[in-house]
Amino acid sequence: QVQVVESGGGSVQAGGSLRLSCAASGSTSGVNCMGWFRQAPGKEREAVAHFYSGTRDTYYADSVKGRFTLDRAKDRNTVLRMYRLKPEDTAMYYCAAGYHAGFRCTWDYWGQGTQVTVSS
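About the criteria used
Residues numbered from 1 in each chain as written. Predicted model: local features only at pLDDT ≥ 70, side-chain atom pairs only at ≥ 80, totals over all residues. Heavy atoms only, no water. Helix = DSSP H or I, 4+ residues; strand = E, 2+ residues; numbered from the N terminus. Rg over C-alpha atoms; globule rule 2.2 N^0.38 Å. Salt bridge = Lys/Arg side-chain N within 4 Å of Asp/Glu carboxyl O. Buried < 20%, exposed > 50% of the residue type's maximum accessible area, 1.4 Å probe, protein only.

Student: Tell me about the overall build of the chain, residues and numbers included.
Tutor: Along the backbone of the chain there are zero helices and eleven strands. The order of helices and strands in the chain, counted from the N terminus, is β-β-β-β-β-β-β-β-β-β-β. Relative to its length of 120 residues, the chain is compact, with a C-alpha radius of gyration of 14 Å against a globular reference of 14 Å. Here the C-alpha coordinates of the chain stretch approximately 40 × 30 × 25 Å along the principal axes.

Student: Mind laying out the pattern of salt bridges, listing which residues take part and the relevant values?
Tutor: Two side chains bearing opposite charge may form a pair once their charged atoms approach each other closely. All told, the structure shown has five salt bridges when counted by the stated rule. With its nearest N and O atoms 2.6 Å apart, the salt bridge here joins Arg 38 to Glu 46. With a relative accessible area of 5%, Arg 38 lands in the buried category. Overall, the relative accessible area of 34% leaves Glu 46 in the partly exposed class. Here Lys 65 ties to Asp 62 by a salt bridge, and the two come within 3.2 Å at their closest N and O atoms. Residue Asp 62 is classed as exposed on the basis of its relative accessible area of 65%. Each member of the salt-bridge network shares a partner with another, and the members are Arg 38, Glu 46, Arg 67 and Asp 89.

Shown next as structure tokens:
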């Protein structure tokens, strides 16, 4: 089994920055996709940023491009650095881990989430 644990988050004013960390542990030998998702109240969950370790590419949602950076750390750890935050970034942020199959990642393991609140 794989455990995913997020840390970071909190409240910040618009224009501020936050950092979210994620660590996957357990039977992670085959895990090759790591990513962040978010869900705001009344909205569907959306992908924020993710990568597959087999390439150097990192996917970013259009809404966060140029403001968020996903760092690939060792041992299935990731750091999501969020800059120039906007009120619309307010959401519960979830880290996920999974496997690359075909042309996409499948997200099999999820953390419990960490809240990010941006005030105007």
